[in-house]
Structures are given as structure tokens and as C-alpha cells.
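# Structural description and commentary
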Amino acid sequence: MVYRFHFTGADLARTRVADSVPPLEELSIALRVLRDRNQALRFGAWRREVRASLGPQARMVLDLTPMHGWVPAFLSPLGTGSVAELLEQVAATPRTQLRAARATIAQRQRLPGWAHRLGEDPEVLRRLVAALGEVHATVLAPYWPQVTACATADRAIRSRQMLHGGVERLLSGLYPPRIRWRAPVLEVDLVSGLEGDVHLQGRGLLLMPSMFATQAPLVDPDAEPQPILTYPAHHDATSGPASLLGARPAADGAPAPLSALLGRTRAAVLHVIAQRPGCTTGELADALTIAPSSASQHATVLREAGLTTTLRHRNTALHTPTPAGLALVEGCGPGVAHVRPRG
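Note that the structure is a prediction, hence the values are computed from the model and not measured. (Residues numbered from 1 in each chain as written. Predicted model: local features only at pLDDT ≥ 70, side-chain atom pairs only at ≥ 80, totals over all residues. Heavy atoms only, no water.)

### Remarks on the nonpolar core
Side chains that are nonpolar tend, in soluble globular proteins, to be buried together. Cut-off, in case you're wondering: Definition of nonpolar core: a set of buried residues of the types Ala, Val, Leu, Ile, Met, Phe, Trp, Tyr and Cys, connected through side-chain atoms within 4.5 Å. The cut-offs for exposure are 20% and 50% of the maximum accessible area for each residue type, with area from a 1.4 Å probe on protein chains only; residues under the lower value are buried, those over the upper are exposed, and the others partly exposed. Strands here are runs of E lasting at least two residues and helices are runs of H or I lasting at least four, both read from the DSSP assignment and numbered beginning at the N terminus.
Membership of the largest hydrophobic core comes to 47 residues, with the highest contact counts inside it found for Trp46, Phe74, Leu128, Val139 and Phe212. For this core, the secondary structure elements donating two or more residues are α2 (23-35), α3 (40-53), α4 (58-63), α5 (83-91), α6 (95-108), α7 (122-139) and α8 (144-172). The dominant element in this core, judged by the number of residues it contributes, is α7, at eight residues. Counting 19 residues, the second-largest nonpolar core is a separate cluster that includes Val17, Leu205, Leu229 and Tyr231.

### As for unusual backbone geometry
Cis geometry marks the peptide bond from alanine 183 to proline 184; its omega dihedral reads 5 degrees. Backbone torsion omega between glutamate 224 and proline 225 reads 10 degrees, so that peptide bond is classified as cis. Here proline 225 is to be found in the loop between β7 (218-220) and β8 (228-232). Backbone geometry places glutamine 201, a non-glycine residue, at a positive phi of 55 degrees. Judged by its relative accessible area of 69%, glutamine 201 is exposed. With a phi angle near 50 degrees, threonine 289 is a residue other than glycine that sits in the positive phi range.

### A closer look at α6
Using the following cut-off: Given the number of residues in a helix, its expected span is that number minus one, multiplied by 1.5 Å. Relevant arc is that of directions from the helix axis to the C-beta atoms, nothing else. By the convention used here, residues are in contact when the closest approach between their heavy atoms is within 4.5 Å.
Over its 14 residues, α6 runs 20 Å from end to end, which matches the ideal 20 Å to within 8%, given 1.5 Å per residue. For α6, the set of buried residues is Leu98, Ala101, Arg102 and Ile105. Along the axis of α6, the buried residues cluster in a sector spanning 100 degrees; they form a single face. Exposed positions of α6 whose direction lies more than 90 degrees from the buried face are Thr96 and Gln107. On its buried face, α6 sits against α7.

### Some details on the pairing of strand β3 (residues 179-182)
Which entries qualify depends on this criterion: Any two strands with at least two DSSP-identified bridges between them are counted as paired.
By the bridge criterion, four bridges tie β3 to strand β4 (residues 185-188) in an arrangement that is antiparallel. Bridge pairing in β4 links arginine 180 to glutamate 187. Between β3 and β4, which pair antiparallel and follow one another directly, the connecting turn spans two residues.

### As for the pattern of salt bridges
Which entries qualify depends on this criterion: Each reported salt bridge corresponds to a side-chain nitrogen of Lys or Arg within 4 Å of a carboxyl oxygen of Asp or Glu.
In the structure shown here, the tally under the stated rule is 10 salt bridges. The partner of arginine 99 in a salt bridge is glutamate 120, with the nearest N and O atoms 3.2 Å apart. Linking arginine 99 in helix α6 with glutamate 120 in the loop between α6 and α7, this pair joins segments that are 21 residues apart in sequence. The shortest N-O distance in the salt bridge between glutamate 187 and arginine 180 comes to 3.2 Å. Pair check on accessibility: glutamate 187 and arginine 180 agree, each one buried. Here the salt bridges share partners, and the residues they tie into one network are Arg180, Arg182, Glu187 and Asp189.

### Notes on the packing of aromatic side chains
For clarity, the cut-off: Any Phe, Tyr or Trp ring, taking Trp's six-membered ring, that has another such ring centre within 6.5 Å forms a pair; planes under 30 degrees apart are called stacked, those over 60 apart edge-to-face, and the others tilted.
The final tally for this structure, using the stated rule, is five aromatic pairs. With 5.3 Å between their ring centres and 90 degrees between their planes, phenylalanine 7 and tryptophan 181 make a pair best called edge-to-face. On the criterion of sequence distance, the pair formed by phenylalanine 7 in the loop between β1 (3-6) and α1 (9-14) and tryptophan 181 in strand β3 is long-range, its members being 174 residues apart. Under the relative-accessibility criterion, phenylalanine 7 is labelled buried at 6%.

### Quick look at the confidence of the model for the protein chain
What counts, and what does not: Each residue carries a pLDDT score, the predictor's own confidence in it, on a scale running from 0 to 100.
Scored by pLDDT, the protein chain has a mean of 83; 88% of the residues are at 70 or more. By mean pLDDT, helix α12 (residues 323-332) is the weakest element of the protein chain at 75, and β4 is the strongest at 96. Confidence drops under pLDDT 50 across residues 246-259; counting only partners more than four residues distant or on other chains, this segment forms 14 contacts. Across residues 333-343 the pLDDT falls below 50, and counting only partners more than four positions away or on other chains, this stretch makes 19 contacts in the model.

### Comments concerning the packing of α2 against α3
Quick note on the threshold: Here the axes come from fitting lines to C-alpha atoms, over the contacting stretch only for helices, and the angles between their N-to-C directions go from 0 to 180 degrees. Should an angle lie under 35 degrees it is considered roughly parallel, over 145 roughly antiparallel, and from 65 to 115 roughly perpendicular; all remaining angles are considered oblique. When residues are sorted by character, Ala, Val, Leu, Ile, Met, Phe, Trp, Tyr, Cys and Pro go into the nonpolar class, Asp, Glu, Lys and Arg into the charged class, and all the rest, Gly among them, into the polar class.
Following both chains from N to C, one finds α2 and α3 inclined at 95 degrees, their axes separated by 10 Å at the closest point. Considered as vectors, α2 and α3 are oriented roughly perpendicular to each other. Taking contact as the criterion, the partners of Ala30, Val33, Leu34 and Arg35 in α2 are, on α3, Phe43, Trp46, Arg47, Val50 and Arg51. Its residues assigned to classes, the contact of α2 with α3 comprises six nonpolar, no polar and three charged.

Below is the structure:
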């Protein structure tokens with residue numbers, strides 16, 4: 001079972017990697033992972049904490065988000081606004097759209113009894129939106145820095161693929177073997193078994209990295225202004241399977257290893273990484289005229305402190321800042337930029 005995207009030259013020119021993660025779309029994927037038992041080392045701590053925190057109000061959202069099956073599109077708008085704005089968008093879904101979504105889902109899987117009143121009773125939608133907001137606050141909001149750091153690191157790899165091989169190398173390296181580039185067609189194997197053909201007709205394809213879509217890609221061929229392919233974001237298994245999602249950060253937001261960050265050289269290393277996301281260890285060393293071994297050591301401390309993320313792509317380590325690292329650089333002011341350590 002294969003889903004096929006057919007490209008023209010114009011489609012290759014307009015294909016791009018999303019520059020942000022849609023929070024409600026990522027929430028929908030995360031809720032599927034929450035019910036799964038796979039990848040316990042990577043997601044086990046997150047699952048335990050989330051399950052212990054979810055209240056009974058989560059049932060409505062979980063009822064419409066099966067581990068395998070169809071999820072109503074109106075629950076996960078792809079806008080780039082705040083979560084509050086996206087929830088308002090869900091609340092404003094027209095009754096005709098609610099009824100159509102309800103009918104489409106009912107043809108494919110069993111709906112909970114209350115869902116049959118969607119589009120008929122406004123109170124049902126109000127309760128659903130309230131539940132969606134509370135579920136997001138528990139399941140995803142506390143871990144959003146990790147989600148955005150993962151996406152930023154993945155985009156650094158995709159940028160290098162584009163730089164060294166163009167769009168075709170980018171498409172070839174997204175997620176083999178489930179995503180295969182056989183010019184001019186991109187083949188995608190879906191867990192759902194869905195198959196079909198989409199002729200992009202000059203619209204191009206929006207590629208969206210996801211931290212939670214770790215085992216299979218997802219497609220939205222009807223998205224506007226261009227179809228969407230969500231693929232598992234690259235992560236470095238050598239840095240530990242639980243490196244991206246673990247316990248929630250401390251209340252003050254300051255990890256204990258921050259004390260190891262004192263020193264001009266390390267501050268300069270962090271600044272270079274913030275200014276050049278996706279830079280290599282060699283590029284760090286060249287920028288600061290320090291030995292590669294020294295650059296590697298400082299990058300390791302920064303990573304362990306939660307200020308940067310390091311991904312290994314082939315034989316190269318790529319360093320990107322986390323939101324905490326960016327905040328620290330911004331708080332330090334412009335003086336860090338002028339630090340030029342000699343060793």
C-alpha cells in the first residue's frame with residue numbers, strides 16, 4: 001500500500017520544510033503515541049507523567065483520536081497562531097463542516113454516542129474545545145521546548161541536504177525506507193494502509209517534521225495551499241533514547257548542569273551555535289579559532305545542560321540551540337558576540 005505524490009519541475013521548486021510546528025497537529029500525533037507501548041525508553045517517562053495528570057475531561061478528545069484510525073481535521077488546524085487562537089478557530093467550525101466530518105468518520109469507524117450531536121448541539125462543541133485546551137496543557141505544553149528544539153535540529157539537517165544535493169537529496173533522505181524518491185514520484189508507506197495518487201500540479205509539498213511521528217509518516221493531501229507530508233524528525237539515538245522527552249523541567253527552568261557553563265569560551269561556543277543553527281564541530285572550532293577537541297568538549301557540556309541539541313548525520317555532528325539556549329544568549333546581550341577565545 002503506497003501513497004504517491006507526483007512532482008513536476010515547478011513542484012520541486014515550491015517544496016519546502018515547514019518553519020514551525022503546528023501545536024494542535026502535533027498534539028493529535030502525540031495522543032496516538034500516548035496509547036502506544038512502543039519506544040518505552042524514548043517516551044516512557046512522558047507517558048507515565050501525562051497519564052497521571054490527565055483528568056476525566058480528556059475522554060472526549062481521546063474518543064476522537066484513536067491510535068489507529070481517522071481524526072476529524074477540524075480538531076487540528078494547521079495555522080501558525082497561538083494555541084488560544086487555534087482553539088478559537090476550532091470553536092468557530094461551521095455546523096456544516098462538523099456534520100460533514102462526523103459523517104465521514106462514521107463511515108470509517110465507530111463514533112462515541114455524544115459525537116453524533118456535533119453540529120447539532122453547540123454545547124457539545126464548547127465542551128470539546130474546553131477539553132482540547134486542557135489536554136494540550138497537560139500532554140504537550142510542558143514539553144514544547146523539546147518539540148521545537150527537535151524540529152529546529154531536523155531543519156538543520158534538511159538545510160544541509162538541500163545545500164549539497166538539492167530537493168531530490170532532501171526527498172531521498174526524509175525517512176527511508178518508508179519514504180522513497182523515485183523521480184518524479186515520492187512514494188510514502190502509511191501504517192493505515194491508505195493508498196492513492198496526488199498530482200501536485202505546481203503546488204509543491206510542505207514537509208513537516210514531527211517529534212512524535214516516530215514510526216511512520218502521515219499525509220494530508222487536501223491541505224491548503226499545498227499538501228502536507230509529516231515525517232519523523234531526525235534524532236540521534238547515540239545521545240540516548242530519552243534525551244528529548246523526559247521529566248518536566250524544574251519550576252525555575254534552570255537545569256542543574258548550568259553551573260558548568262561558566263567561562264568565556266563556552267559562552268562564545270553557545271553564541272556561535274545560536275547564530276549558526278546546524279553548524280558542525282569543525283565549523284565551531286574554525287569560528288572561534290580553538291581546537292576541534294575543545295569545541296567538541298564545550299558542545300557536549302552545552303548539550304547536557306539542555307542549551308543545545310546535537311544530531312549526528314552520517315559522520316558529522318550538527319549543533320542547534322534549544323529555546324533555553326537562545327533565551328540565555330539573548331539575556332547575555334551583544335557582548336558575547338565579541339568574545340574571541342584563543343584556546
